[in-house]
Amino acid sequence: MSYDTTMRMGTTVESFNHIEQGVSVQLSDGTVQTYDLVIGADGANSRMRDLLFGPIEKSYVGQAVWRYKLPRLEGVETSILYYGEKAKAGLVPMSEQEMYLLLTTSEPGNPRMPEDRLHELLLDRIDGFGGQVAAIKPWITDPDAVVYRPIFDHMLQSPWYEGSVLLIGDAAHCTTPHLGQGAALAVEDAVVLAELIKEHEDVHTIMQAFMNRRYDRSRYLLDHSHQLAEWELMEWAGTLPEHTDVAAYSYETLKKMNEAI
């Protein structure tokens, strides 16, 4: 069986209306189309989510991530993570010539950083690191090259759909990066949805089956990743309970995530 797929570049959804046989969608190029099923997979700042459910409140976890593209150092063959007293830093290779620095820091209150000083603020925050992280400090000179992102998470309550419009991926559930599973969850959503579309013709049946398979798993990962962020902040503040086993918790979480979907 083959399907014809039309790709429209530079086009987005302006509005939609639920109708008896699906969804009537007005696109930004002025056209109006009718679909059996509309899937909103447009990320953490989803416009489809706003149109479907209205604005949501995201949870700021108290941390931010800094990134800076750099020439690749000799010996950086895989991603390397360094844990400091008040932050964690990483070097991630992207090509034979390039890598990037990542830095996770505590930023209470989600402060607004002055854009013209971002490189100076980044240098301040890696000051306690030695080795390869210290070696790249002379290259951090351009405030415009610093990518600074506060860390938020959110998850919609079930269901993630209304009528024949369904949200998947970060539009429905956006986790912190502490377990590196956010993109995996989004891919899982797409795989499960494709499987269910092949199995069922009724859209409502597809939607219910999708929520049955995806909600609890997504909630589990989001909660566990949020917990790791909280523990990390406590560790940097010197208030982490003595017998907290972060490694075991992470291992058990990832073991759970390796179960069949």
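Residues numbered from 1 in each chain as written. Predicted model: local features only at pLDDT ≥ 70, side-chain atom pairs only at ≥ 80, totals over all residues. Heavy atoms only, no water.

K.L.:
Whenever I open this one, a nonpolar patch on the surface confuses me. Can you help?
P.N.:
Judged by side-chain polarity, V187, V191 and I261 come together as a nonpolar surface patch covering roughly 240 Å² of accessible area. For I261, a relative accessible area of 36% puts it in the partly exposed group. (Patch = residues over 30% accessible without salt bridge, like charges linked within 9 Å, V, L, I, M, F, W, Y side chains within 5 Å. Areas by Shrake-Rupley, 256 points an atom, 1.4 Å probe, with all protein chains shown as cover. Salt bridge = Lys/Arg side-chain N within 4 Å of Asp/Glu carboxyl O. Buried < 20%, exposed > 50% of the residue type's maximum accessible area, 1.4 Å probe, protein only.)

K.L.:
Which parts of the structure should I look at to understand the packing of aromatic side chains?
P.N.:
Pairs of aromatic rings are described using the distance from one ring centre to the other and the angle between the two planes. Across all of its chains, the model carries 5 aromatic pairs by this definition. Taken together, a centroid distance of 5.4 Å and an interplanar angle of 50° make the contact between Y60 and F152 tilted. Of the two residues, Y60 is situated in strand β5 (residues 59–71) and F152 in strand β9 (residues 147–155); the sequence distance between them amounts to 92 residues. Between W231 and Y249, the aromatic rings sit 4.7 Å apart at their centres with planes inclined by 70°, giving edge-to-face as the arrangement. Highlighted residues: W231 in helix α5 (residues 203–237) and Y249 in helix α6 (residues 246–257), separated in sequence by 18 residues. By relative accessible area, W231 is classed as buried at 16%. An aromatic cluster of at least three residues, connected via ring pairs, comprises W160, F210 and Y215. (Phe/Tyr/Trp six-rings, centres within 6.5 Å; stacked < 30°, edge-to-face > 60°. Helix = DSSP H or I, 4+ residues; strand = E, 2+ residues; numbered from the N terminus.)

K.L.:
Got a minute to help me understand the nonpolar core in this structure?
P.N.:
Looking at soluble globular proteins, one finds that nonpolar side chains tend to be buried together. Counting 29 residues, the largest nonpolar core has F16, W160, L166, L167 and F210 as the members making the most contacts within it. By residue number, the principal contributor to this core is α5, which donates 8 residues. Contact partners of L167, with chain neighbours within four places excluded, come to G40, S46, M48, R49, L52, F53, L156, W160, A172 and F210. Counting residues in each nonpolar core, the second largest holds 23 residues, with W66, V76, L91 and Y148 among its members. (Core = buried A, V, L, I, M, F, W, Y, C linked by side-chain atoms within 4.5 Å. Contact = heavy atoms within 4.5 Å.)

K.L.:
What exactly am I supposed to notice about the sheet that holds strand β2 (residues 22–27) here?
P.N.:
To summarise the sheet geometry, strands pair through backbone hydrogen bonds and adopt either a parallel or an antiparallel arrangement. If you walk across this open sheet you meet the 3 strands as β1-β2-β3, and the pairing is antiparallel. The open sheet is flanked by β1 (13–19) and β3 (32–35), the only strands paired with a single partner. The average undirected angle you get between the axes of adjacent strands in this sheet is 25°. Bridge count between β2 and β3: 4 bridges; the pairing is antiparallel. (Pairing = 2+ DSSP bridges. Axes fitted to C-alpha atoms, helices over the stretch in contact; angles between N-to-C directions.)

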